[in-house]
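So you can see what is in the structure, the chains are spelled out below.
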Amino acid sequence: MNRQLYNLIDIDKSKYSLIDEILKDISTLFELTKNTKYDDCNNIAKLLQEKINKLKESAIKNDDEKTANITFFLHTYTSLLDYISKFWKLTYSLDYQEAWSFLQDALDCINTLEKFIISNKQFSIDKISRYLENIEKLYPYVYFNSIELVAKKKICSMCGLSPFDSKCDHIA
């Protein structure tokens, strides 16, 4: 199955006027992160996630799969910026071990975005990726472990089928 690539701003503004507000809020969140306003970042991120969820609900009601999928990536990008702000807030308070978890969460967001977006230059994802990878190199951790997770059942939120079913080509 070919992977569908998405343009994060390819949403019909005449159908979904909320997208302008969402993009403005994403820009604000990015600037707050750059300017070390970490407490404000968390508040804006929560409000932004709510707006993105409203957009997703509207897209699902309109049977607009592409827009619904793009909302997943807008949500992921918002989480990315929120994780970066939480990472730095903890780093400045010298809680490096807790900060590491948020750094890894941010890197997971980057990996997801890079797999499915048409250009990693959108929203400076390429620069953020290099930035986070360079920060990760500063940590002295060499050995890692993680828990094993066995997912016995997954259901696609769009069509209700298993995401492993060949009839489902959605992002689960």
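Criteria and thresholds
- Residues numbered from 1 in each chain as written.
- Predicted model: local features only at pLDDT ≥ 70, side-chain atom pairs only at ≥ 80, totals over all residues.
- Heavy atoms only, no water.
- Helix = DSSP H or I, 4+ residues; strand = E, 2+ residues; numbered from the N terminus.
- Contact = heavy atoms within 4.5 Å.
- Axes fitted to C-alpha atoms, helices over the stretch in contact; angles between N-to-C directions.
- Left-handed = near helix turned anticlockwise from the far one by under 90°.
- Nonpolar A, V, L, I, M, F, W, Y, C, P; charged D, E, K, R; others polar.
- Core = buried A, V, L, I, M, F, W, Y, C linked by side-chain atoms within 4.5 Å.
- Buried < 20%, exposed > 50% of the residue type's maximum accessible area, 1.4 Å probe, protein only.
- Phe/Tyr/Trp six-rings, centres within 6.5 Å; stacked < 30°, edge-to-face > 60°.
- 1 Å grid on protein atoms, 1.4 Å probe; cavity = no way out; pocket = protein on both sides within 12 Å on 5 of 7 lines; lining within 4 Å.
- Points joined across faces, edges and corners; volume = space filled by probe spheres on them.

Draft legend 1. View of the overall build of the protein. A tally of regular secondary structure across the protein gives 5 helices and 0 strands. Traced from its N-terminal end to its C-terminal end, the protein shows the element sequence α-α-α-α-α. Viewed in the frame of its principal axes, the protein has a C-alpha envelope of about 45 × 40 × 25 Å. In the protein, the proportion of contacts linking residues at least 24 apart, taken out of those at least 6 apart, comes to 69%.

Draft legend 2. Molecular detail of the environment of leucine 113. Looking at the secondary structure, you find leucine 113 in helix H4 (residues 96-116). Taking the C-alpha atoms as reference, leucine 113 lies 17 Å from isoleucine 11; in sequence the two are 102 residues apart.

Draft legend 3. Representation of the packing of H4 against helix H5 (residues 125-138). Interaxial distance between H4 and H5 falls to 10 Å at its minimum, and their mutual angle equals 145°. Every pair of crossing elements has a handedness; the one defined by H4 and H5 is left-handed. For the pair H4 and H5, the contacting residues are Trp100, Leu103, Gln104, Ala106, Leu107, Ile110, Leu113 and Glu114 in the first and Ile125, Ile128, Ser129, Leu132, Glu133, Ile135 and Glu136 in the second. Per-class residue counts for the contact of H4 with H5 are 10 nonpolar, 2 polar and 3 charged.

Draft legend 4. Highlighting the nonpolar core. Ile22, Leu74, Tyr77, Leu80, Leu103, Ile128 and Leu132 are the most contacted members of the largest nonpolar core, which has 43 residues in total. Residue assignment for this core shows that the elements contributing at least two residues are helix H1 (18-34), helix H2 (38-61), helix H3 (65-92), H4 and H5. Of all the elements, H3 adds the most residues to this core, at 11 residues. Leucine 103 has contacts with Phe87, Leu132, Ile135, Glu136 and Tyr139, leaving out every residue within four places of it along the chain.

Draft legend 5. Summary view of the environment of leucine 18. Locating leucine 18 in the fold gives a position in helix H1. Between the C-alpha atoms of leucine 18 and isoleucine 52, which are 34 residues apart in sequence, the distance is 8.5 Å. In this structure leucine 18 touches Lys51, Lys54 and Leu55, once residues within four positions along its chain are discounted.

Draft legend 6. Spotlight on the packing of aromatic side chains. Taken as a whole and judged by the stated rule, the model has 9 aromatic pairs. Among the aromatic residues, those joined into a ring-pair cluster are Tyr6, Phe72, Phe73 and Phe116.

Draft legend 7. Quick peek at the layout of surface pockets. By volume, the second largest pocket is sized at about 200 Å³. Lining the second largest pocket are Phe30, Thr33, Lys34, Thr36, Tyr38, Leu81, Ile84, Trp88, Tyr92, Lys127, Ile128 and Tyr131. Elements with a contribution of two residues or more to the lining of the second largest pocket: H1, H3 and H5. It is H3 that contributes the most residues to the lining of the second largest pocket, 4 residues altogether. In terms of residue class, the lining of the second largest pocket is built from 8 nonpolar, 2 polar and 2 charged.

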